[in-house]
Amino acid sequence: MKKERIVILLGVLVALVFFYLGLNEWLSSKTEKVQTPPVIVKPAPTDKAVSEAVKPPTQPPEEEMKGKKQEPPKEDKKDALAQKIKEEKVKEEKRKEEKTEKEKIEQKKDTPKVKEDKEAKTYTVQVGAFKEKERAIKVMEKAKSMGYQVTLVEEDKFYKVRLTVHTGNLQAELSKLRKTFGGAILKK
């Protein structure tokens, strides 16, 4: 009876070992099959590639078409959609460029030409008032580099930077100064 038990136990042990080895082999084969696919990133096409993509594909001669079965296009719907989006972006950029060019041309037409020196007048424009003299001097240097005649006036505990402007179009000159210095006040 002891011999029978030992034989049964050895049989069970051998079965367990084979089961363990088989299970390991089965699991390793499953992990090999379930690998994630590699991610492929397509580079963004350059303007040249986009213009080539816009061209219609050339048709092969009919003789070649007879011998071959017509295959569906290989591009995914996603690729086609992405291509359309890129084409629309390129078209939109071209429209924007054309608009800006048209606006520049219209602005040149709309802006009144600088009147002759006969109609030009001299104005005093204040572009800043500072408590610190160093800051006022920096603004003065900037205005001098732009070609203006500059004076520094100390008034009401402020250092005021004033420019002498000789122009026929005061509004255009004031808007230019406001963009450059952040503000401009016409002094009488």
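Residues numbered from 1 in each chain as written. Predicted model: local features only at pLDDT ≥ 70, side-chain atom pairs only at ≥ 80, totals over all residues. Heavy atoms only, no water.

1. Some words on the overall build of the protein chain
Move 1: When its secondary structure is counted, the protein chain shows six helices and four strands.
Move 2: The N-to-C order of helical and strand elements in the protein chain reads α-α-α-α-β-α-β-β-α-β.
Move 3: Of all 188 residues assigned to the protein chain, the portion counted as buried reaches 14%.
Move 4: When contacts within the protein chain are restricted to residue pairs at least 6 apart in sequence, those whose partners lie at least 24 apart make up 65%. (Helix = DSSP H or I, 4+ residues; strand = E, 2+ residues; numbered from the N terminus. Buried < 20%, exposed > 50% of the residue type's maximum accessible area, 1.4 Å probe, protein only. Contact = heavy atoms within 4.5 Å.)

2. Here's the deal with a nonpolar patch on the surface
Move 1: A contiguous nonpolar surface patch, about 820 Å² in accessible area, is contributed by Ile6, Leu10, Leu13, Val14, Val17, Phe18, Tyr20 and Leu21.
Move 2: Mapped onto the elements, Ile6 comes out in helix H1 (residues 2–33). (Patch = residues over 30% accessible without salt bridge, like charges linked within 9 Å, V, L, I, M, F, W, Y side chains within 5 Å. Areas by Shrake-Rupley, 256 points an atom, 1.4 Å probe, with all protein chains shown as cover. Salt bridge = Lys/Arg side-chain N within 4 Å of Asp/Glu carboxyl O.)

3. Topic: the nonpolar core
Nonpolar side chains in soluble globular proteins generally cluster together in the buried interior.
Move 1: Ranked by size, the top nonpolar core spans 18 residues in total, and within it Val125, Val127, Val150, Val161, Leu163, Leu177 and Phe181 carry the most contacts.
Move 2: Residue assignment for this core shows that the elements contributing at least two residues are strand E1 (121–130), helix H5 (133–145), strand E3 (158–167) and helix H6 (170–181). (Core = buried A, V, L, I, M, F, W, Y, C linked by side-chain atoms within 4.5 Å.)

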